[in-house]
Amino acid sequence: MAKMMDMETKIGRRFEGEVAIVTASTQGIGFAIAERLGLEGASVVISSRKQKNVDEAVEKLKNKGIEVFGVVCHVSNAQHRKDLIQKTVDKYGKIDVIVSNAAVNPSVDPLLRTLEPILDKLWEINVKATVLLLQEAAPHLQKGSSIVIISSIAGYNPQPAMAMYGVTKTALLGLTKALATEMAPVTRVNAVAPGFVPTNFAAYITKDEDVKKVNEEKTLLGRLGTPKDMAAAAAFLASDDACYITGETLIVAGGLPSRL
Ligand code: NAP
């Protein structure tokens with residue numbers, strides 16, 4: 001079994017005094033990223049669609065000694081995006097890090113049979129919401145600030161059962177480059193492309209032992225990824241350790257093939 005990320009013993013304090021917003025962060029990869037940034041000293045602003053999930057996640061992070069603030073934010077709702085940024089600035093006075101993590105995959109239909117409202121929803125949440133959130137945040141971003149966008153290994157080779165989802169993740173590779181150009185030198189913009197990570201989102205992988213095994217065997221490291229693996233990569237890109245890196249996508253997929 002390949003070595004796994006042991007967060008409790010190996011982390012530093014790279015985000016002391018910084019303010020980090022993570023979208024879609026009440027569970028899964030987003031939660032792990034918020035936890036990691038918080039354990040490294042950031043004040044973290046977590047968010048998702050449901051107040052109950054926000055409250056529960058805030059409680060969990062507080063219990064770990066993290067300075068955390070929760071805001072309900074459905075990323076495709078303009079007022080919610082405005083609130084997320086404004087409430088963060090009202091409470092903490094600035095923004096140093098934004099991790100744009102929200103995505104949906106509402107259909108397993110082939111592309112040529114995917115209905116237009118589904119195509120619109122995929123574009124709206126997986127791609128457009130990041131641009132609109134950053135438009136809202138831009139006036140508040142500090143010099144030396146950093147954006148991390150969560151793409152996917154699926155962006156490199158969109159699979160039949162989630163082709164349009166994969167295409168939106170391919171778009172994020174381009175969006176990362178375009179935003180990095182536009183936001184330099186004040187803000188760096190990078191992306192993480194996770195491989196298979198057993199979360200609710202990817203329940204189809206872990207529900208069935210045979211499917212899980214096939215996906216483990218596709219990796220070079222012989223295992224699925226964990227939210228903590230993704231958090232470690234996102235924290236690296238967001239931190240000053242990556243201060244000469246912008247416009248890049250870090251593939252964190254245990255060696256899965258990843259060419260466009
Ligand atoms: P997850 O465990 O299912 O968590 C999803 C989170 O997003 C929840 O906190 C949910 O809370 C929130 N959420 C859902 N829709 C939202 C919306 N419209 N606006 C705001 N928050 C929303 O998912 P995950 O696996 O961690 O996925 C996170 C990211 O990683 C996604 O961008 C996904 O594409 C990417 N990714 C995942 C994998 C994988 O294998 N898991 C692989 C590659 C990339 P509420 O229900 O309260 O909104």
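Above: the structure in question.
Starting from 1, residues in each chain are numbered consecutively following that chain's sequence as written. The model is predicted, so local features are restricted to residues of pLDDT at least 70 and side-chain atom pairs to those at 80 or more, both for listing and for counting; the totals for chains, interfaces and linings are taken over all residues. By convention in this description, side-chain values take in all heavy atoms of the structure and omit both hydrogens and water.

Can you walk me through the site of the ligand in this structure?
Throughout, near means a residue has at least one heavy atom within 4 Å of the molecule or strand. The environment of the ligand is formed by 28 residues, the closest being Thr26, Ser48, Asn101, Tyr165 and Thr199. Surface accessibility in these figures is a Shrake-Rupley result with a 1.4 Å probe; residues are shielded only by whichever protein chains are displayed. Against a free-state accessible area of 900 Å², the protein chains account for coverage of 94% of the ligand. Judged by the fraction of its atoms near the pocket grid, the ligand is located in the largest pocket. Note that Gly is not counted as nonpolar here; it falls among the polar residues with everything else outside the nonpolar set of Ala, Val, Leu, Ile, Met, Phe, Trp, Tyr, Cys and Pro and the charged set of Asp, Glu, Lys and Arg. By residue class, the composition of the shell around the ligand is 13 nonpolar, 12 polar and 3 charged. A 1.4 Å probe that fits into a set of points on a 1 Å grid over the protein atoms alone but cannot get out defines a cavity; an open set with protein on both sides within 12 Å along at least five of seven lines defines a pocket, and lining residues are those with an atom within 4 Å of a point. Throughout, a molecule is located in a cavity or pocket provided that more than half of its atoms lie within 2 Å of its grid points.

Could you clarify how one ought to interpret empty space enclosed by the protein in this entry?
If a probe the size of a water molecule is rolled over the atoms, the empty space left behind becomes visible. Grid points are joined across faces, edges and corners, and a volume is the space filled by probe spheres set on the points. Applying the stated rule across the entire model yields 3 cavities of 30 Å³ or more. The space that makes up the largest cavity amounts to roughly 40 Å³. Think of it this way: any DSSP run of H or I at least four residues long counts as a helix, any run of E at least two long counts as a strand, and we number them from the N terminus. The greatest single-element share of the lining of the largest cavity, amounting to 3 residues, is contributed by helix α6 (residues 163–183). Here the lining of the largest cavity is composed, by residue class, of 5 nonpolar, 3 polar and 1 charged.

Explain the pairing of strand β2 (residues 43–48) to me, please; I cannot follow it from the model alone.
Here is the key point about a regular strand: its side chains alternate between the two faces of the sheet. Counting buried residues in β2 gives 6 out of 6 residues, a clear majority hidden from the surface. Exposed residues in this analysis have more than 50% of their type's maximum accessible area, buried residues have under 20%, and partly exposed residues fall in between, with area computed by a 1.4 Å probe over protein chains only. Of the two faces of β2, the one lined by Ser43, Val45 and Ser47 and the one lined by Val44, Ile46 and Ser48 are each fully buried. With 4 bridges connecting them, strand β1 (residues 19–22) and β2 associate as parallel partners. Bridge pairing in β2 places valine 19 opposite serine 43. The handedness of a crossover follows from its direction of travel: if, with the strands pointing away from the viewer, the path from the first strand over the helix to the second runs clockwise, the crossover is right-handed. With helix α2 (residues 28–39) bridging β1 and the parallel β2, this β-α-β connection has right-handed handedness. Remark: the β2/helix α3 (residues 51–62)/strand β3 (residues 68–72) crossover connection has right-handed handedness. In short, DSSP must find at least two bridges between two strands for them to pair.

Whenever I open this one, unusual backbone geometry confuses me. Can you help?
With glycine set apart, most residues show a phi of negative sign, and most peptide bonds adopt trans. Cis rather than trans, the peptide bond between alanine 184 and proline 185 has omega equal to 0°. Structurally, proline 185 can be placed in the loop between α6 and β6 (187–194). Phi is positive for alanine 24, which is not a glycine, with a value near 50°.

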